[in-house]
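Read off the chains here:
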Amino acid sequence: LEPPPLNGGKMPAVSPSRSPENSPLIADVERGKSGLCEENGIHKGWLRRKVQHAFGHESNPKFAEHAEHAFRGACALVFFAIPLLMPKGVLPLRDYLIDLGVYNSGVCLFIIFNLGSSFGQAFNSCRSGLQGSLMAAMLGWMMYTIFPDGVQDTLENPELAFWGGVVTGAIFVSLLICLKFSISLQMFALSGFAGTWMQFLDASQEANIIPPWRPGWSLGKDVLTQSFACTGIGMLAVMLASLLPYPRWSLTFVTENQLHANVQMVKVMRTVVDYYALDKPNKYIKDQVIRRLGHLKGLTHENQPLLAAAWWECYGFGSSQVKRRVLAQMDNITTSIFDIIWNAWQETVAEDFGEKDGHLIRQMKPYMDALLKSMEVTLQMLVKAASDGALTPAEVLALKMSFEDIDKKDKALVDFFRKARKEVTKGSPEVIYKEVRIAHVLLYSFCEVVGKTKSLADKVHQEMSRSDFQLPPPPELDGFKSIFTGLTEKTHMVYAARGLVAFFGSFILGWFGFRDVFPPYTAGIASTVPFLITMYVGSALVSDLNRIQGLMLGYVMAPILASLTSTCEPVDLMIHLFITFVWVFLGVFVRESSPTFSSIGSMAAAFGASTLLAKNCSDPSIKKAQIFESLALNCIAVLVTTLVNLVIPAENASTLAVQHLENCWSLLKKSIHELYDPNIKTVTFRASEAQLALQKAREMGNEAASEPRLWRMPWKLSLWENVLDDTAHMVATLSTMEHALVSGGEVSGPKKESLLKLMQQSHLFRHSAQNTVLKKMDVGSKLIGIFKHATAQRYPALSDKDVYKTYEEEDALAEQEFISKDLGKIFGAENDRETDSVRDDDMAVMATSLANLSRMKEQLRCVQHRILQNSYDE
């Protein structure tokens, strides 16, 4: 059977409403352009292309991204550092601001710690830091309103002032740490309040804080206003770094990620079709499929936080909010599509590719290519909608026509598929079941992806053309209510206990002083501790050691480099600025590009820049005593937090990792039970919930690799990562199962009638789902507990006979019974009915569902093999 020509082998003619003048993007796609940013010119301006080219974006995009980010931060910091390095008397305004105290090297810390990869992320971080500084200032002003001079012996009742200050400060600190404020707000509020609190309680110090509402207030007399103004200058520097030379909008990054993901999706699907359409499979094309699937998986993992941060770029209004909704839906659909493509590839590549499969797929290839072209057009139209938050009337019409075109080609494909299947298999149920299974799975998955694209296009079309319809809301940042949620969770309670003990302990230590190392009433230790509090022992030890190295570099190496310039000559000033620029650039680049050394880069950049800019050419001497005191205070703060982390240990990261993995497996088991239970008529989607649990398990597994094991056996990191990868494939299979079983293609809904009938009639279906898969899930649940087993002794579950059971004989008997009793009912002529798409074809749906079960069993066997091969069996 030969496929009829599709418009003479060409793409359908472009209608007037879809002409290049009205819709250039559609015309470009139909002419064969890939749709990349550089070709369609929608997202990248001339300046941005030049900047990225300068950093080698074509050779290494990640390096270019990190280098540009570090370059922006270094430029902003150096620009604001110029007045600090100027000799006194050159610029009166500079002298006035520095004498007022609103402009000092402390601004460096705020800039380094709040640099974000996009404007929205940077603004959100700066906002939190500014709020923290304001909260600390407001409390300080209130305390000095009640007691204008703080605690003084000349007061009528100095004890009342002292203990009132102690209680007020303790309540403020406790609320900050115990409630779930953002980390940036906590850091800057606690760090800023430590000095104010210490000064208030110290009777030997004169007050230099005057609330703005008190008579006699001025900027030069109130250090809190000065500090707040300095923080504002830091925020201005961060915002300029995000906006110049061109804005780094969060939505731009998401749009580009989605555009590349769309291109990659189509490439992957075309490559899969090409692989199976060959007379003989080519293993190198197979490698190409795997590589492109891996690339596709990594394109959208950053989209969710960027979409949430983009709220600060539009405040939830206007066309940018429409972009957020469109991109959020596209990101969700892309995740589902990736699961479908990945699972289809794994299912088909795991089976023997027969002659009839290849013959059928080769006949279907022209139809699949044509449908892919229409899908690509629709995807790029969706990106166009996301790029500016609106479509012209011609583009709205073109979008509608694009998914109508998908419907026509989908219908043409399924009609020809039914004829070709009948011709290839001669209508034999056994041949349909055994010899064209790959074709069924591939075509069903292919059309499921196209159907999701069409559904999304329909929703975007309604969003753009109807005022009474809106897409679901995008992800949002945590709001006010979030600071009160989860306060009794064990992890948060441990974090709060650590923070309280570390802060109050360092404050008391600074109150009494320690010999000649630091004098009494020193707030420096307590001011540094908020930047160091961590949750888990593993990351705490590694981070604290790295922070000490960063502090050493910042406080020791930076002054040595600064000593290379000792005059106020223009050349020396330029060299000083250049040293500062290079120092900050390297520190921020290391922080962005190296997870292992990120804390070293961050601390070295922040404290090194602060030290470099604290040195002015008017006084070129190196203040060794001051450097030693600063270094000693920061090292003591690191020591305090390290001891607190060890004394108040959180639950072992390894235990939490296994708990999250067990939770993921529990969700998988529950979903499979409900999906294939004929008494449950609806489908409840749980794949995303399982994916979240798996992500937490991966994060805790990385923590477990860093935590000290002491008497426990080493963490099985390699085995752990392999089991997580297998579980990720199981989650992808579950996602495919959910989409295959639900009627209408929406999230959660009634099961398809054909599959309900299959569950009720087929013994193989019930046996595979309810016996083999669920029992193997029980075996796997027992075996993954081996990661909690901390000794070299035999793991108890290995003595359970069930963990060695293969179920192969039961599966073989069930399949024989299926072939003899059920095969004709399921793959008989009565189920070969006319439909609008292969995803509604009963035979394709049932073949894919059986393949999904086989794939899940294979993945469970893989987990079982991995653990049994890597277990202590003494």
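The present account deals with the structure reproduced in this document.

Describing unusual backbone geometry
Keep in mind that most residues, glycine aside, have a negative phi and that most peptide bonds are trans.
Right, so step 1: With an omega of 5°, the peptide bond between L244 and P245 qualifies as cis.
Right, so step 2: Of note, P245 is situated in the loop between α10 (223-243) and α11 (250-277).
Right, so step 3: Despite not being glycine, Y315 has its phi angle at roughly 55°, a positive value.
Right, so step 4: In this fold, Y315 is placed in the loop between α13 (303-309) and α14 (318-349).
Right, so step 5: Even without being glycine, K426 reaches a positive phi, approximately 60°.
Right, so step 6: Turning to its location among the elements, K426 is positioned in the loop between α16 (393-425) and α17 (429-435).

Some thoughts on helix α4 (residues 61-85)
Right, so step 1: Its 25 residues give α4 an end-to-end C-alpha distance of 35 Å, which sits within 8% of 36 Å, the value for a rise of 1.5 Å per residue.
Right, so step 2: Maximum bend of α4: about 30°, positioned at F79, with proline P83 one to four residues after it.

Some details on the side chain of K752
Right, so step 1: As for its placement among the helices and strands, K752 is situated in the loop between β2 (749-750) and α28 (753-761).
Right, so step 2: For the buried K752, which has no salt bridge, the nearest side chain bearing the opposite charge is E448, at an N-O separation of 4.8 Å.
Right, so step 3: A polar atom in the side chain of K752 sits 3.4 Å from the side chain of Y444.
Right, so step 4: Among the polar contacts listed, one links the side chain of K752 to the backbone oxygen of A740, at a separation of 3.1 Å.
Right, so step 5: Once you skip the residues sitting within four places of it in the chain, K752 turns out to touch Y444, A740, L741, V742, S743, R839 and V845.

Regarding the side chain of N114
Right, so step 1: Inspection of the secondary structure puts N114 in helix α6 (residues 107-114).
Right, so step 2: Within polar-contact distance, the side chain of N114 engages the backbone oxygen of F110 at 2.9 Å.

With respect to a nonpolar patch on the surface
Right, so step 1: Taken together, the side chains of V90, L91, L93 and Y96 make up a nonpolar region of the molecular surface, amounting to roughly 410 Å² of accessible area.
Right, so step 2: Tracing the backbone shows L93 in helix α5 (residues 92-100).

Section: the nonpolar core
Right, so step 1: Core analysis: the biggest nonpolar cluster contains 143 residues, and M364, L413, F446, L661, W720, F827 and V838 have the highest contact counts within it.
Right, so step 2: Residues within four places of V838 in sequence aside, it is in contact with D410, L413, V414, F417, L443, Y444, C447 and A844.
Right, so step 3: Ranked by size, the runner-up nonpolar core spans 70 residues in total, among them V51, M239, W312 and V588.

Focus on the packing of helix α15 (residues 355-388) against α16
The geometry of a pair of packed helices is captured by two quantities: the angle between their axes and the separation between those axes.
Right, so step 1: Where α15 contacts α16, the two axes come as close as 9 Å, and the packing angle between them is 170°. By the angle between their axes, α15 is roughly antiparallel relative to α16.
Right, so step 2: Counted by class, the contact of α15 with α16 contains 20 nonpolar, five polar and seven charged residues.

Considerations on the pattern of salt bridges
Right, so step 1: This structure, assessed with the given rule, holds 31 salt bridges.
Right, so step 2: Here E65 and K62 are joined by a salt bridge, their closest N and O atoms 3.6 Å apart. Placement of both E65 and K62 in helix α4 is noted, with a separation of three residues, approximately one turn of the helix.
Right, so step 3: By relative accessible area, E65 is classed as partly exposed at 27%.
Right, so step 4: Linking R591 and E592 is a salt bridge whose minimum nitrogen-to-oxygen distance equals 3.3 Å.

Parameters and conventions
Residues numbered from 1 in each chain as written. Predicted model: local features only at pLDDT ≥ 70, side-chain atom pairs only at ≥ 80, totals over all residues. Heavy atoms only, no water. Helix = DSSP H or I, 4+ residues; strand = E, 2+ residues; numbered from the N terminus. Expected span 1.5 Å × (residues − 1). Bend = angle between axes of the 7 residues up to and from the residue. Buried < 20%, exposed > 50% of the residue type's maximum accessible area, 1.4 Å probe, protein only. Lys, Arg positive; Asp, Glu negative; His and termini not counted. Salt bridge = Lys/Arg side-chain N within 4 Å of Asp/Glu carboxyl O. Polar contact = N/O pair within 3.5 Å; in protein donor to acceptor, adjacent residues only side chain to side chain. Contact = heavy atoms within 4.5 Å. Patch = residues over 30% accessible without salt bridge, like charges linked within 9 Å, V, L, I, M, F, W, Y side chains within 5 Å. Areas by Shrake-Rupley, 256 points an atom, 1.4 Å probe, with all protein chains shown as cover. Core = buried A, V, L, I, M, F, W, Y, C linked by side-chain atoms within 4.5 Å. Axes fitted to C-alpha atoms, helices over the stretch in contact; angles between N-to-C directions. Parallel < 35°, antiparallel > 145°, perpendicular 65-115°, else oblique. Nonpolar A, V, L, I, M, F, W, Y, C, P; charged D, E, K, R; others polar.

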